[in-house]
Amino acid sequence: MNKGDSSMSWVHDNEIISYEVNLKNDKIVVHTFYEKDNQTEFTDIIFEGVISHLFEHPLKGSIILDIQDYNIQLFLKENKELLAKNKNHGWPLMYNDIEELERKLSQEHFKYIVIYSSYGLNGWVLAKDYKIDVKANK
C-alpha cells in the first residue's frame, strides 16, 4: 500500500475507470486507478460468488472513499423495501420469508460489501468474497 493512511482501504481515492458484470460466472470486476506525484497505480476490485449488486450514481470521474464488508443482517435491515418489492421476482434468490433468506445467505457465507464514494458511483455487492488486485505501478 503506497497511499500512507493505513486506516483507509487500498482503493481510497482511486478513480473508477469501468466495471464488468459477468452474470454467468457470478463475478464483478471494478477497474480503478490512482495517480499522485508521478505514480500511477491500476487496481481491480474483484467480487466473486456474486448473487446481486446495486450501483448508483455512476459518473465519469467517480472516486472511491472506502469499501467495507458487513454481515447479512445489515443488508436485510438497509434493504427492506427493495427486498419486499422484488421478492416475487426471485430476487436476490427464491425464499418464503426474511428469516429463510437470512438463513440461506448466512449458510452460504455471503457478505454485504459496500462501496462508499467521495464522488459518483456508490453501492453494494452481495458476494462470497472480494479481493484487491494491484495490476501495475508506474
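Above this text sits the structure in question.
Since we're looking at a predicted model, the values are computed, not measured.

On to the overall build of the protein. Counting its secondary structure elements, the protein contains three helices and eight strands. Ordering the α and β elements of the protein from the N terminus gives β-β-β-β-β-α-α-α-β-β-β. Reported as C-alpha extents along the three principal axes, the dimensions of the protein are approximately 55 × 30 × 25 Å. Going through the 138 residues of the protein one by one, you find that 39% of them count as buried. Contacts in the protein between residues at least 24 apart in sequence constitute 62% of all its contacts with a sequence separation of at least 6. Accessible surface for the protein amounts to roughly 8300 Å². Of this, 48% is attributable to carbon and sulfur atoms.

Here the focus is a nonpolar patch on the surface. Taken together, the side chains of Y19, V21 and L23 define a hydrophobic patch exposed on the protein surface, amounting to about 300 Å² of accessible area. For Y19, the location among the structural elements is in strand β1 (residues 15-22).

Turning next to the packing of aromatic side chains. Applying the stated criterion to the full structure yields eight aromatic pairs. An angle of 35° between the planes, with centres 6.3 Å apart, marks the rings of F33 and F42 as tilted. What makes F42 partly exposed here is its relative accessible area of 30%. When the ring of W91 is compared with that of W124, the centres are 6.2 Å apart and the planes differ by 50°; the resulting orientation is tilted. One end of the pair, W91, is in the loop between α2 (80-86) and α3 (98-107); the other, W124, is in strand β7 (residues 122-127), with 33 residues separating them in the sequence. Of the two residues, W91 and W124, both sit in the buried class.

If you trace the backbone, T43 turns up in strand β3 (residues 39-48). On a C-alpha basis, the gap between T43 and D133 in space is 5.5 Å, while along the polypeptide they are 90 residues apart. Beyond its immediate chain neighbours, meaning those up to four positions away, T43 contacts V11, N14, V30, H31, T32, I132, D133, V134 and K135.

Our focus in this paragraph is the side chain of N86. By the secondary structure assignment, N86 is in helix α2. A distance of 3.0 Å separates the side chain of N86 from the backbone oxygen of L82, its partner in a polar contact.

About the criteria used
- All residue numbers refer to position in the chain's written sequence, counted from 1.
- The predicted origin of the model limits local features to residues at a pLDDT of at least 70 and limits the giving and counting of side-chain atom pairs to 80 or more, whereas totals for whole chains, interfaces and linings rest on all residues.
- Hydrogens and water are ignored here; the side-chain numbers use all heavy atoms of the structure.
- Numbering goes from the N terminus for both helices and strands, where a helix is a DSSP run of H or I of at least four residues and a strand is a run of E of at least two.
- Throughout, exposure labels follow a simple rule: accessible area from a 1.4 Å probe, protein chains only, divided by the maximum for the residue type, with under 20% read as buried, over 50% as exposed, and the rest as partly exposed.
- In what follows, a contact means two residues having at least one pair of non-hydrogen atoms within 4.5 Å.
- In this description, accessible areas are obtained by the Shrake-Rupley approach with a 1.4 Å probe, and a residue is regarded as covered only by the protein chains that are shown.
- Patches were defined on residues exceeding 30% relative accessible area and lacking a salt bridge, with like-charge contacts within 9 Å and nonpolar side-chain contacts (Val, Leu, Ile, Met, Phe, Trp, Tyr) within 5 Å.
- By salt bridge we mean one thing: a side-chain nitrogen of Lys or Arg within 4 Å of a carboxyl oxygen of Asp or Glu.
- Stacked, tilted and edge-to-face are the three classes applied to pairs of Phe, Tyr and Trp rings, where Trp contributes its six-membered ring and a pair requires centres within 6.5 Å; stacked means planes under 30 degrees apart, edge-to-face means over 60, and tilted covers the rest.
- Between N or O atoms, a polar contact is any pair within 3.5 Å; within protein, one atom must be a potential hydrogen donor and the other a potential acceptor, and residues adjacent in sequence are included only when both atoms are from side chains.

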